[in-house]
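# Descriptive structure summary
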Amino acid sequence: MTAVAEPLIELRDVCRIYELGETRLAALQGVTLEIERGEFVAVMGASGSGKSTLLYVLGCLDTPTSGSYRLAGRDVAGLSSDERAAIRNREIGFVFQSFNLVPRTSALENVELPLVYGGVAPAEQRERARAALRSVGLVDRDGSAPSQLSGGQQQRVAIARALVNRPALLLADEPTGNLDTRTSLELLALLQKLNRQQGITVVLVTHEPDIASYAGRVVTFRDGRTLSDLRQTPAVAREEDAA
Amino acid sequence: MTARTALRALRRNKLRSALTMLGVVIGVGAVIVMVSIGQGASEAVRAQIQSLGTNLLMVVPGATTSAGVRSGAGGVSTLTREDAKAIAVECSAVSDVAWMKRQIGQVIQGERNWSTSIQGVSPGYFSVRDWSVEAGAVFGPRDEETANRVALLGKTVVDNLFGHGEDPIGATIRIKDVPFRVIGVLQRKGQTTWGQDQDDTVVIPFSTAERRVLGSQILGMVDLVFVSAARPEDVLVAVEQIGSLLRQRHRIAAGADDDFTVRSLNEMAIAQESASRVMAMLLLCVASISLLVGGIGIMNILLVSVTERTREIGIRMAVGAKRQHILLQFLVEAVVLSGAGGVIGVVLGIAAASAISMLAGWPTLISGVAVVGALLFSATVGIFFGFWPARRAAGLDPIAALRYE
């Protein structure tokens, strides 16, 4: 990563205003934010602070009401829903608090999903999905349905799914919210490893300072604006510690 | 790709998929069964028309209505053999003519006796009625000229006069106490459309009947003239020609009642055929309604499925599914359900139709058009009723779908 490289994420004066009948709800009120490739950023804030809306805008699930958003140098604020779907498919991986795996569908088929929509040949789908499951340590559970997996295992499958198309950006929305402390640590260790070894940019939304301490940068939100933006030395989560 | 996804989704919920399909299975099966019963019935009627003889017309003496006294058709004998011969010569639309004298009488063979219709006919009768012998031979012009005592038996008469395994050919029977030699057995013709057993008859030469058996005072009177028109489309022309010829021969003034009636045997049969066609259409309508209900069942299940799988749709959108992917997935699910239901329905329908014709003895006819039509219709039902739920799924907002509980 050289200094001249442009940032992966570039938000300029981004506003997102929801119109609910008479009332206008400004979830984001002029956010300007740059995130370099390879960063591990935690977005903090109380509920209603706009951090989830930020994540949806970053993930191209939502579009800003005003302002510009450049992802990897490309303006994505004004794209159509199909173009945004293609960007989500290639550039972005999602990890959610409630795992969001397709029920009654094997771990392997869940991981294959982004490849299915990316038009990858079936044989290659299988191979890459297996590799992704192997990288999260779950290759031996590839035939299990989500209901047969523990919470931590389900979240690992979700991470494998997020990474299978080799995106530049991994967006995690409260990924440890449904996990116990030990499993949370395991998961953070996995995210740190992916960030360090594969250079994947991670943006993690959380309201727990403990979790945020594992990130190299913490952006705090309040009322739709950035309150603070601090760089820090991350705490190190080691998988062996947790185990 | 989307097809595979749709198939996986259907496999995930096998019982529901099977039950959804059941509506279409029953609908398509019902269509196949109904159509084959309907077509079997009209085919049977067609066969009956054939059995009456092609393009057959009948002339009977007496008017259907006559001034003052109403006498039924055949009540007064005014028709002669000469009339029949004149019809053959002078009516261009007529290809063949035969005449008949008939009476109910007792027939005796050995210990057995049977009351049947004794019919004295001209030699041309068998070709006009398109009737041949099963065994033996028909009589010819020589038998007519010499008034030979030879007889042909209908199957019903054979069954009643002869025991099992007895050969009627060459046997001697007594018709109204006059001995006859049996020279042939007529092929089974079955019932007429109005329920008369055509095989319950003994057929002898016309001259023999007139002079030796039925004993009429005036020679040359006939009870019935059979006319066959040259071609089916000539039937109406032939009716006209026969009518005007006989009015002229019988010197009937314009406006006066005819003393004869020309009847087309096909009329009744045609009426019955159109009745059976109406019946078939009705059955098809009922069956189509059940197919429609099956389609609504598919739509209902898919709508429930879209709601239930809102989150799944959100996940798919989040990982890069475009709207058309979601739309296609649900459409393919609908078409696979209805298409597979259609195939199973066709198979079951054909099986049921064969079972019905075997067990109930109804004639059925399975037509390729009905099979292809039912399959196409069921696929169309899938597209039609799948489209709305599919569009609803594709129109979901990904964020709302992901948050859906």
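None of the values given here were measured: they were computed from a predicted structure. (Residues numbered from 1 in each chain as written. Chains lettered and ligands numbered in written order. Predicted model: local features only at pLDDT ≥ 70, side-chain atom pairs only at ≥ 80, totals over all residues.)

Turning to helix α1 (residues 2–12) of chain B, its buried residues are B:Thr5, B:Ala6, B:Ala9 and B:Leu10. Mapping the buried residues of α1(B) onto a view down its axis gives an arc of 135°, with all of them on the same face. (Buried ≥ 20, exposed ≤ 12 C-beta atoms within 10 Å, placed from the backbone. Helix = DSSP H or I, 4+ residues; strand = E, 2+ residues; numbered from the N terminus. Arc of directions from axis to C-beta.)

Let us look at the nonpolar core. The nonpolar side chains of soluble globular proteins are, as a tendency, buried together. If you look at the biggest cluster of nonpolar residues, it comprises 125 residues, and the most contacted ones within it are A:Val43, A:Ala160, B:Val31 and B:Ile32. The element contributing the most residues to this core is helix α2 (residues 14–52) of chain B, with 14 residues. In this structure, B:Val128, B:Leu152, B:Val202 and B:Val213 belong to the second largest nonpolar core, which totals 53 residues. (Core = buried A, V, L, I, M, F, W, Y, C linked by C-beta atoms within 7 Å.)

Positive phi, close to 50°, is recorded for A:Asp13, a residue that is not glycine. Take A:Asp13: it is sitting in strand β1 (residues 9–20). Given 13 C-beta atoms within 10 Å, A:Asp13 falls into the partly exposed group. Of note, B:Asp177 is a non-glycine position whose phi angle comes to about 70°, a positive value. One can find B:Asp177 in the loop between β6 (172–175) and β7 (178–186).

On to helix α3 (residues 107–117) of chain A, then. Counting buried positions along α3(A) yields eleven of eleven residues, so the element is predominantly enclosed. Among all positions of α3(A), only A:Ala107, A:Leu108, A:Glu109, A:Asn110, A:Val111, A:Glu112, A:Leu113, A:Pro114, A:Leu115, A:Val116 and A:Tyr117 are buried. In this fold, the buried residues of α3(A) make contact with α2 (81–91), α4 (122–135) and α5 (151–163) of chain A together with α1, α10 (310–318) and α11 (323–359) of chain B. Immediately beyond the C-terminal end of α3(A), within one or two residues, lies A:Gly119, with a positive phi of roughly 75°. (Contact = placed C-beta atoms within 7 Å.)

Moving on to the interface of chain B and chain A. Each partner contributes to the interface: chain B provides 19 residues, whereas chain A provides 21 residues. Of all the elements in the fold, those that place two or more residues in the side of chain B that touches chain A are α1, α10, α11 and α13 (398–403) of chain B. Per-element tally for the side of chain B that touches chain A: the top contributor is α10(B), with six residues. Split by residue class, the side of chain B that touches chain A holds nine nonpolar, three polar and seven charged. (Nonpolar A, V, L, I, M, F, W, Y, C, P; charged D, E, K, R; others polar.)

For the rest of this paragraph, the subject is the confidence of the model for chain B. All names here are of chain B. In the predicted model, chain B carries a mean pLDDT of 85, and the fraction of residues at 70 or more is 92%. A low-confidence stretch, residues 65–75 stays under pLDDT 50, and its non-local contacts, those more than four residues away or across chains, total 17 contacts. For this predicted complex, the interface confidence comes out at an ipTM of 0.93, alongside a pTM of 0.70. (pLDDT = per-residue confidence, 0-100.)

Residues and elements named next belong to chain A. Taken in spatial order, the six strands make up an open sheet running β6-β7-β8-β3-β9-β10, and their pairing is mixed. Both outer strands of the open sheet, β6 (92–95) and β10 (225–231), are each paired with one neighbouring strand and no more. Pairwise comparison of adjacent strand axes, ignoring direction, gives a mean angle of 15° for this sheet. (Pairing = 2+ DSSP bridges. Axes fitted to C-alpha atoms, helices over the stretch in contact; angles between N-to-C directions.)

It is worth spelling out the packing of α3(A) against α5(A) at this point. Residues and elements named next belong to chain A. Closest axis-to-axis distance for the α3/α5 pair is 7 Å, and the angle between their directions is 30°. By the angle between their directions, the pair α3 and α5 is classed as roughly parallel. As for how α3 packs across α5, the hand of that crossing is right-handed. Taking contact as the criterion, the partners of Ala 107, Asn 110, Val 111, Leu 113 and Pro 114 in α3 are, on α5, Val 157, Ala 160 and Arg 161. Of the residues assigned to the contact of α3 with α5, the class counts are six nonpolar, one polar and one charged. (Parallel < 35°, antiparallel > 145°, perpendicular 65-115°, else oblique. Left-handed = near helix turned anticlockwise from the far one by under 90°.)

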